Amino acid sequence: MIPLTDSPVTRDGKSLILAMDHGLEHGPSADFSSVPDTLDPETVFDIATHDAVTSLAVQKGVAETYYPSYDDDVSLLAKLNGTSNLWMGEPYSPQNWTVDYAAELGADAVGYTVYSGSNREPEMYEEFRDVQERAHREYDLPVVMWSYPRGQGLKNDTKESVIAYGTRIAHELGADIAKVKYPGSPEEMEWAVKSAADTKVVMSGGSKVSDYDFLSSVEAVMNAGGSGLAVGRNVWQRDDPERILDALEQVIFEGATTDEALE
Ligand code: FBP
């Protein structure tokens, strides 16, 4: 494990990862058409300069082109694998850039999706193994696992036991941070956090909901011992991303309630 108290991708041991890899994962029509300005990655890099954001997760092409202009103000989380929505096979996410190249571009952490339960789980575990060992041994880079149990045999990927299984897998495979979907209740989240032992657990944002509902789920995660959030649409699809980031800063880093943060 990499100690995360003083890491460039955490603040007081907590994280607010802004994710913008949706052009690859979902396609531009799905997530950017309601907010066409975000098709220009600079729009999201500008949002990521907010103090609340501890790192920005992007794919290689975006990092190569835009990160050099933002490296003083933004911490880079290199999302090393990713798949398109056009792929119709069992869940699998190929590696698109190496740890070495991410380090060369100035990455402060690396991220990797693992679909446990897929028929292609063995391949993904092997690929994750190489990434995790190289990131830790050669570069001291924290590793964030997007831990999404998913595949033919899994009917419900947000069930309590499945989410806790996901955080535990992240821990046992050596991730420093596990990013998981919200299992539905604070008690279930608490179990997922306990199952992760000393791997930190952050909640995945999901599709856009109201300010109140979104902040309440983040508050529940923090109360359950979670370490923050990795979010995309619920920030940059809003008319005023800065406002929601101000509120998130209070809930995640200052222990405010949703009502206090929205005052
Ligand atoms: P959101 O907060 O917008 O859900 O983004 C988080 C994220 O993990 C992105 O990094 C990724 O593109 C997307 O969700 C993948 O979601 P899914 O696999 O459920 O389509």
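To be clear, the structure that these remarks concern was listed above.
Figured I'd write up the structure that's included with this text.

What counts, and where the lines are drawn
- Residues numbered from 1 in each chain as written.
- Predicted model: local features only at pLDDT ≥ 70, side-chain atom pairs only at ≥ 80, totals over all residues.
- Heavy atoms only, no water.
- Patch = residues over 30% accessible without salt bridge, like charges linked within 9 Å, V, L, I, M, F, W, Y side chains within 5 Å.
- Areas by Shrake-Rupley, 256 points an atom, 1.4 Å probe, with all protein chains shown as cover.
- Salt bridge = Lys/Arg side-chain N within 4 Å of Asp/Glu carboxyl O.
- Lys, Arg positive; Asp, Glu negative; His and termini not counted.
- Charge placed at Lys NZ, Arg CZ, Asp CG, Glu CD.
- Helix = DSSP H or I, 4+ residues; strand = E, 2+ residues; numbered from the N terminus.
- 1 Å grid on protein atoms, 1.4 Å probe; cavity = no way out; pocket = protein on both sides within 12 Å on 5 of 7 lines; lining within 4 Å.
- Points joined across faces, edges and corners; volume = space filled by probe spheres on them.
- Nonpolar A, V, L, I, M, F, W, Y, C, P; charged D, E, K, R; others polar.
- Expected span 1.5 Å × (residues − 1).
- Buried < 20%, exposed > 50% of the residue type's maximum accessible area, 1.4 Å probe, protein only.
- Arc of directions from axis to C-beta.
- Contact = heavy atoms within 4.5 Å.
- Core = buried A, V, L, I, M, F, W, Y, C linked by side-chain atoms within 4.5 Å.
- Axes fitted to C-alpha atoms, helices over the stretch in contact; angles between N-to-C directions.
- Parallel < 35°, antiparallel > 145°, perpendicular 65-115°, else oblique.
- Left-handed = near helix turned anticlockwise from the far one by under 90°.

## Remarks on a negative patch on the surface
So, step 1. Together, Asp 37, Asp 40, Glu 42 and Asp 46 make up a negatively charged patch on the protein surface.
So, step 2. Looking at the secondary structure, you find Glu 42 in helix α3 (residues 41–48).

## Some words on empty space enclosed by the protein
So, step 1. Under the defined criterion, the tally for this structure stands at 1 cavity of 30 Å³ or more.
So, step 2. As a volume, the largest cavity reaches approximately 40 Å³.
So, step 3. Taken together, Ser 147, Tyr 148, Pro 149, Asp 157, Ile 163, Val 180 and Lys 181 form the lining of the largest cavity.
So, step 4. Each residue belonging to the lining of the largest cavity can be placed in one class, and the counts come to 4 nonpolar, 1 polar and 2 charged.

## So, helix α6 (residues 121–139)
So, step 1. With 19 residues, α6 should cover 27 Å at 1.5 Å per step; its first-to-last C-alpha distance of 26 Å lies within 8% of that length.
So, step 2. Within α6 the residues assigned to the buried category are Met 124, Phe 128, Val 131, Gln 132, Ala 135 and His 136. Each buried residue of α6 lies within a common arc of 115° when the element is viewed along its axis, so the set occupies one face. Turned more than 90 degrees off the buried face of α6, the exposed positions are Pro 122 and Arg 137.
So, step 3. Packed against the buried residues of α6 are α5 (99–104), β4 (109–114) and β5 (143–147).
So, step 4. Where α6 ends, the next residue or the one after it, Asp 140, has phi of about 55°, a positive value.

## So, the nonpolar core
Across soluble globular proteins, you tend to see nonpolar side chains buried next to one another.
So, step 1. Formed by 64 residues in total, the largest nonpolar core has its most connected members in Leu 18, Leu 80, Val 110, Val 218 and Leu 248.
So, step 2. The leading source of residues in this core is helix α11 (residues 241–253), at 7 residues.
So, step 3. With residues near it in sequence (within four places) discarded, Leu 248 still touches Leu 16, Phe 214, Leu 215, Val 218, Leu 229, Val 235 and Phe 253.
So, step 4. Counting 16 residues, the second-largest nonpolar core is a separate cluster that includes Tyr 92, Ala 109, Trp 146 and Ala 230.

## A look at the packing of helix α9 (residues 211–223) against α11
So, step 1. Here α9 crosses α11 at 25°, and the two axes come no closer than 10 Å. The angle between α9 and α11 places the two elements in the roughly parallel class. Every pair of crossing elements has a handedness; the one defined by α9 and α11 is right-handed. On α11, the residues that touch Asp 211, Phe 214, Leu 215, Val 218, Glu 219 and Met 222 of α9 are Arg 243, Ile 244, Ala 247, Leu 248, Val 251 and Ile 252.

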